[in-house]
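# Geometric and topological summary
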Amino acid sequence: MTAEEVARAAGFLARLSFDTLADFADEDAMDLDDVYPCGRDREGAQALRDVYADLQAFYAAAAAAGQAVLRELS
């Protein structure tokens, strides 16, 4: 991502709270599809909240420094 794209992503993530994002989750469907990563489940929501906060902080710091970000898609 270019520095400009990082700044846009950081702004978007800053405005999108974890609770708002979680409202879009269909937990029953996710259970059926075994979506939760690394064995996490609904009780692990706080861990996911923490990971999301780290993601927000990472993009905010990169944007503040005018840095680009490499993404790996597998």
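Residues numbered from 1 in each chain as written. Predicted model: local features only at pLDDT ≥ 70, side-chain atom pairs only at ≥ 80, totals over all residues. Heavy atoms only, no water.

### Looking at the nonpolar core
- One finds Val6, Ala9, Ala10, Leu13, Leu16, Phe18, Tyr52, Tyr59, Ala62 and Val69 forming the largest nonpolar core, which totals 10 residues.
- Residue assignment for this core shows that the elements contributing at least two residues are helix H1 (3-15) and helix H4 (45-64).
- Among the elements that make up this core, the one with the highest residue count is H1 (4 residues). (Core = buried A, V, L, I, M, F, W, Y, C linked by side-chain atoms within 4.5 Å. Buried < 20%, exposed > 50% of the residue type's maximum accessible area, 1.4 Å probe, protein only. Helix = DSSP H or I, 4+ residues; strand = E, 2+ residues; numbered from the N terminus.)

### Regarding the confidence of the model for the protein
- Mean pLDDT over the protein works out to 85, with 82% of the residues at or above the 70 mark.
- Least confident of the elements in the protein is helix H3 (residues 27-32), whose mean pLDDT is 72; most confident is H1, at 97. (pLDDT = per-residue confidence, 0-100.)

### What to know about the pattern of salt bridges
- One pass over the full model with this rule turns up 2 salt bridges.
- Two residues, Asp19 and Arg49, come together in a salt bridge whose shortest N-O distance is 2.9 Å. Of this pair, Asp19 sits in helix H2 (residues 18-22) while Arg49 is found in helix H4, placing the two residues 30 residues apart along the sequence.
- A residue is classified by how much of its surface remains accessible, and Asp19, at 44% relative accessible area, is partly exposed.
- The exposure class assigned to Arg49 is partly exposed, which follows from its relative accessible area of 32%. (Salt bridge = Lys/Arg side-chain N within 4 Å of Asp/Glu carboxyl O.)

### With respect to the packing of aromatic side chains
- Within the structure shown, the criterion is met by 2 aromatic pairs.
- Between the aromatic rings of Phe18 and Tyr52, the centroid separation amounts to 6.2 Å while the plane-to-plane angle is 55°, which identifies the pairing as tilted. Here the residue Phe18 occupies a position in helix H2, and Tyr52 occupies one in helix H4, the gap between them amounting to 34 residues. (Phe/Tyr/Trp six-rings, centres within 6.5 Å; stacked < 30°, edge-to-face > 60°.)

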